[in-house]
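# Descriptive structure summary
Spelled out from the first residue to the last, the chains are:
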Amino acid sequence: MTALEWLVTTSHYQDQLIVLQTLFERVKLKGKSLLPIVQGGMGVGISAHRLAGTVASYGALGTISSVDLRRHHPDLMAQTNLTKNKDKELINSVNLIALDREIKAAKQLSGGNGAIAVNVMRAVAEYAPYVRQACESETDAVVVGAGLPLDLPDLTANFPKVALIPILSDVRGIGVILKRWMRKNRLPDAIVIENPKHAAGHLGAASIADIDNPAFQFTSVLPGARQLFKDLGIEGENIPLIAAGGVHTHEQVGSLLAMGADAVQLGSAFAVTQEGDAHINFKRVLAEAKPEDIVTFMSTAGLPARAVRTPWLENYLDKEAKMQRIAKVKPCTAGFDCLHQCGWRDGNDKAGQFCIDTQLAFALAGDVKRGLFFRGSEKLPFGSAIRPVRELIEYMIAGLKPAFMSAAAPTVVPAYSYTESTTV
Ligand SMILES: Cc1cc2nc3c(=O)[nH]c(=O)nc-3n(C[C@H](O)[C@H](O)[C@H](O)COP(=O)(O)O)c2cc1C
């Protein structure tokens with residue numbers, strides 16, 4: 001059967017939305033049958049309603065990153081900008097309004113296809129309010145990384161229709177979550193297994209040295225997780241395993257599914273799609289980065305992180321050791337204490353010494369000099385080209401290469417006109 005036959009695009013038309021099909025097994029998530037491809041949550045503002053809603057419209061799982069979404073809403077941003085003494089309660093409350101708007105807009109864009117998830121980092125101070133708001137705004141799933149979401153079943157107990165998906169990196173972490181949740185009579189509805197060796201953003205390793213630990217390899221975690229399910233007597237349950245980190249070819253998808261994954265999650269590749277919610281400059285920085293431009297360093301959240309060595313990061317890394325030596329407790333510079341533990345505010349000399357919200361917001365707005373641009377270590381499926389979501393999904397699930405890859409076409413398409421206002 002040819003790749004074209006694999007991909008039947010006529011199954012379901014609704015307002016010109018086309019649900020793509022795949023001969024790879026579909027994934028079952030709380031009664032929904034989805035394509036085996038997930039768009040990972042990306043903050044600040046990189047995956048908002050446009051990206052997540054578009055991904056869902058094709059029948060896959062699109063994820064909104066919950067953190068500081070007011071930055072996509074000029075009216076909400078204006079309210080908080082006017083506050084002289086940064087009003088933490090006000091910033092937190094408008095961010096919940098922004099999350100509600102983004103979920104509703106993504107669902108509308110999806111046309112009822114696929115599913116919409118909300119990503120909440122455990123390390124974020126407003127973790128519990130974000131989870132509750134996501135459920136109240138009728139997200140299909142809550143995905144939690146950057147820490148162990150031991151209490152997620154309690155927080156979501158009144159919303160049994162919402163799928164719960166932890167992001168973990170090794171079998172030990174999966175075991176901790178399973179055992180704790182089983183005591184509450186709950187199982188994850190899926191698990192994202194993110195490999196810190198290749199993924200973007202915050203990494204699920206204790207230190208930079210730990211990133212290469214073989215315990216994180218998919219060849220170890222995928223069979224290890226299946227064995228753990230057997231040991232715990234839950235091998236008959238539907239708990240799809242979603243492999244994330246460095247996935248960039250159709251062939252890789254096939255081999256990960258053969259290895260025991262049920263789906264793959266991509267971050268960097270979706271961030272640079274035409275429908276990605278960030279400024280075009282953000283996409284260009286990620287798409288044009290060379291392997292030697294990508295670095296790992298300690299984030300303010302106390303976790304290793306991976307990003308492109310742009311001017312701000314280069315300058316920061318030059319000064320990092322000195323800044324860590326003089327680290328001291330100080331008030332939050334962004335005024336809303338976004339992290340439970342922030343190395344910069346708390347004077348932790350083992351963690352990053354910068355305001356992560358401010359730097360990520362510069363990147364969202366396309367400020368190449370001042371932004372922090374998270375990116376994975378591997379190549380992108382379409383090189384430096386910025387292409388539509390649909391082409392990315394079609395390539396990953398069916399191996400269909402867009403015409404520009406075979407023709408002698410330029411690798412960078414003309415600038416995508418960024419129509420929505422992104423205020424920082
Ligand atoms: C710009 C950017 C921001 C990200 N932010 C988050 C985040 O807020 N929360 C999270 O769980 N993962 C975050 N990630 C990780 C992605 O969701 C995804 O798991 C990861 O990028 C997969 O690796 P890949 O980029 O090699 O595909 C981010 C990734 C990128 C590229």
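Criteria and cut-off values
- Residues numbered from 1 in each chain as written.
- Predicted model: local features only at pLDDT ≥ 70, side-chain atom pairs only at ≥ 80, totals over all residues.
- Helix = DSSP H or I, 4+ residues; strand = E, 2+ residues; numbered from the N terminus.
- Rg over C-alpha atoms; globule rule 2.2 N^0.38 Å.
- Contact = placed C-beta atoms within 7 Å.
- Near = placed C-beta within 6 Å.
- Nonpolar A, V, L, I, M, F, W, Y, C, P; charged D, E, K, R; others polar.
- Core = buried A, V, L, I, M, F, W, Y, C linked by C-beta atoms within 7 Å.
- Buried ≥ 20, exposed ≤ 12 C-beta atoms within 10 Å, placed from the backbone.
- Domains from an automatic or database assignment.
- Axes fitted to C-alpha atoms, helices over the stretch in contact; angles between N-to-C directions.
- Left-handed = near helix turned anticlockwise from the far one by under 90°.
- Expected span 1.5 Å × (residues − 1).
- Bend = angle between axes of the 7 residues up to and from the residue.
- Pairing = 2+ DSSP bridges.
- Right-handed = clockwise from strand over helix to strand, strands pointing away.
- pLDDT = per-residue confidence, 0-100.

### Re the overall build of the protein
Each helix and strand in the protein was counted, giving 16 helices and 15 strands. Computed over its C-alpha atoms, the radius of gyration of the protein comes to 20 Å, within 12% of the 22 Å expected for a compact globule of 424 residues. By its C-alpha atoms, the protein is 60 × 55 × 40 Å across when sized along the principal axes. Expressed as a percentage of contacts within the protein between residues at least 6 apart in sequence, the contacts between residues at least 24 apart total 68%.

### A short note on the site of the ligand
Around the ligand lies a shell of 29 residues, among which Gly40, Gly201, Gly267, Ser268 and Gly376 are the nearest. Of all elements in the fold, only β7 (115-121), β13 (263-266) and α10 (268-271) reach the threshold of two or more residues within the shell around the ligand. When the residues that make up the shell around the ligand are grouped by side-chain class, the tally is twelve nonpolar, 14 polar and three charged.

### A closer look at the nonpolar core
Counting 128 residues, the largest nonpolar core has Val142, Ile193, Ile242, Ala243 and Val264 as the members making the most contacts within it. For this core, the leading source of residues is helix α4 (residues 88-110), giving eight residues. Formed jointly, this core draws a minimum of three residues from each of two domains, domain 1 (3-286 + 380-406) and domain 2 (292-364). Among all residues touching Ala243, those that are not within four sequence positions of it are Ile193, Phe218, Leu222, Leu256, Ala261 and Val264.

### Regarding the packing of α4 against helix α5 (residues 127-136)
At their nearest, the axes of α4 and α5 sit 9 Å apart, and the two run at 35° to each other. Seen from above, α4 lies across α5 with right-handed handedness. Residues Asn92, Leu96, Leu99, Asp100 and Ile103 of α4 form the contact with α5, whose participating residues are Pro129, Tyr130, Gln133 and Ala134.

### Comments concerning the environment of Ala321
As for its position among the elements, Ala321 is in helix α12 (residues 311-325). Overall, Ala321 belongs to the exposed group, with 10 C-beta atoms counted inside 10 Å. For the pair Ala321 and Gly352, spaced 31 residues apart in sequence, the C-alpha to C-alpha distance is 9.7 Å.

### A few points about the domain arrangement of the protein
Parsing the protein into structural domains produces domain 1 (3-286 + 380-406) and domain 2 (292-364). Computed over C-alpha atoms, the centres of domain 1 and domain 2 are 24 Å apart. Taken together, the contacts link 29 residues of domain 1 with 21 residues of domain 2. Put simply, the parts of the chain that give the side of domain 1 that touches domain 2 at least two residues each are α4, β11 (201-202) and α11 (280-288). Taken together, the residues that form the side of domain 1 that touches domain 2 break down as 18 nonpolar, seven polar and four charged.

### Observations concerning unusual backbone geometry
Leave glycine aside and you will find that most residues have negative phi; peptide bonds, for their part, are mostly trans. Cis geometry is adopted by the peptide bond preceding Val44, which originates at Gly43 and carries an omega value of -5°. The phi angle at Asn185 is positive, at roughly 60°, despite the residue not being glycine. Mapped onto the fold, Asn185 is located in the loop between α7 (171-183) and β10 (191-194).

### Describing the environment of Tyr127
By secondary structure assignment, the location of Tyr127 is in helix α5. Looking at Tyr127, the number of C-beta atoms within 10 Å reads 22, which means it is buried. Between the C-alpha atoms of Tyr127 and Asp170, which are 43 residues apart in sequence, the distance is 22 Å. In contact with Tyr127, not counting residues within four places along its chain, are Val120, Met121 and Arg122.

### Looking at α12
Between its first and last C-alpha atoms α12 spans 22 Å; for 15 residues at 1.5 Å apiece the expected length is 21 Å, and the two agree. If you look at α12, its biggest bend is around 50°, right at Lys319.

### Overview of the pairing of strand β14 (residues 294-298)
As defined by bridge partners, β14 adjoins strand β15 (residues 304-308) across five bridges and the pair is classed as antiparallel. Counterpart to Met298 in the pairing with β15 is Pro304. Where β14 hands over to β15, the hairpin turn is made up of five residues, of which Gly302 adopts a positive phi near 80°.

### Here we look at the pairing of β10
Alternating positions in β10 separate into two faces, Ile191 and Ile193 on one and Val192 and Glu194 on the other, with burial throughout. Alignment of strand β9 (residues 163-168) against β10, held across two bridges, turns out to be parallel. Bridge pairing links Leu168 to Ile193 in β10. For the crossover from β9 across α7 to β10, the handedness is right-handed.

### Let's talk about the sheet that holds β14
The strands making up a sheet are joined through hydrogen bonds of the backbone, oriented either antiparallel or parallel. Across the sheet, which stays open at both edges, the three strands sit in the order β11-β15-β14 with antiparallel pairing between neighbours. In this open sheet, the two strands that pair with only one neighbour each are β11 and β14.

### Considerations on the confidence of the model for the protein
On average, residues of the protein score 90 in pLDDT, and 90% of them reach the 70 mark or higher. Here residues 1-17 is a poorly scored stretch, pLDDT under 50, and it has 25 contacts once near neighbours within four places are set aside; other chains count. Here residues 409-424 is a poorly scored stretch, pLDDT under 50, and it has 31 contacts once near neighbours within four places are set aside; other chains count.

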